[in-house]
Amino acid sequence: RQLAVIAAAYAQCGHYNDDTDFFRGVCARAQAQIEAGEAAPQDVALLLRAVAALQHSAPDLAAAATRALVAGNGMLLPMAPSDVSDVLWACAVWGHRDETFIDAAINHLLSAPLDVAAFGGQPAPGADGGGAG
């Protein structure tokens, strides 16, 4: 978790150019944690979003992350749709294409309940199970 927060802080401040060696080390350590199964999916998403926002090239990190986020049954590990979107965006920034992850992400997003309130909308009449009115 701490490495993802460090990366996010760097991205938020736009601070990167003079610390490439340090950031490369953060990514390498984070990749080791991901490969060892020691990183929560939301932390992986935060890390990838931050690294991609800084335009730091991390193809090995992307590959390790997308492999780790897909369970043995081909489904994504439990993740919020926003985290899935962050990972997909980061992979797009790097040009990383993992078909297994993409398929799992699409299935995950299509099966996730849509929270219209999060987008400022109102549920359709009767969508809450209370009838039309």
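Refer to the structure above for everything that follows.
Residues numbered from 1 in each chain as written. Predicted model: local features only at pLDDT ≥ 70, side-chain atom pairs only at ≥ 80, totals over all residues. Heavy atoms only, no water.

(A) Representation of the nonpolar core in the model. Formed by 34 residues in total, the largest nonpolar core has its most connected members in Leu-47, Leu-48, Val-51, Leu-61, Leu-76, Val-87 and Trp-94. Looking at this core, the elements with two or more residues in it are helix 1 (2-13), helix 2 (20-35), helix 3 (41-53), helix 4 (59-68), helix 5 (81-94) and helix 6 (99-111). Looking at which element gives the most residues to this core, the answer is helix 3, with 8 residues. Beyond its immediate sequence surroundings of up to four residues, Leu-61 is in contact with Cys-27, Gln-31, Ile-34, Leu-47, Leu-48 and Val-51. (Core = buried A, V, L, I, M, F, W, Y, C linked by side-chain atoms within 4.5 Å. Buried < 20%, exposed > 50% of the residue type's maximum accessible area, 1.4 Å probe, protein only. Helix = DSSP H or I, 4+ residues; strand = E, 2+ residues; numbered from the N terminus. Contact = heavy atoms within 4.5 Å.)

(B) Broad picture of unusual backbone geometry. In this structure, Gln-55 takes a positive phi of about 60° despite not being glycine. Locating Gln-55 in the fold gives a position in the loop between helix 3 and helix 4. The class of Gln-55 is exposed, set by a relative accessible area of 69%.

(C) Examining helix 3 more closely. Compared with an ideal rise of 1.5 Å per residue, which puts 13 residues at 18 Å, helix 3 spans 18 Å between its outermost C-alpha atoms and is within 8% of the ideal. When you tally the buried positions in helix 3, you get 10 out of 13 residues, the bulk of the element. Phi turns positive one or two residues past the end of helix 3, at Gln-55, with a value near 60°. (Expected span 1.5 Å × (residues − 1).)

(D) Structural detail: the packing of helix 2 against helix 4. Running from N to C, helix 2 and helix 4 point in directions that differ by 20°, and their axes come no closer than 9 Å. Relative to helix 4, the element helix 2 is oriented roughly parallel. Where helix 2 crosses over helix 4, the handedness of that crossing is left-handed. Residues Cys-27, Gln-31, Ile-34 and Glu-35 of helix 2 touch helix 4, and the partners they reach there are Asp-60, Leu-61, Ala-64, Ala-65, Arg-67 and Ala-68. Of the residues that constitute the contact of helix 2 with helix 4, the class distribution is 6 nonpolar, 1 polar and 3 charged. (Axes fitted to C-alpha atoms, helices over the stretch in contact; angles between N-to-C directions. Parallel < 35°, antiparallel > 145°, perpendicular 65-115°, else oblique. Left-handed = near helix turned anticlockwise from the far one by under 90°. Nonpolar A, V, L, I, M, F, W, Y, C, P; charged D, E, K, R; others polar.)

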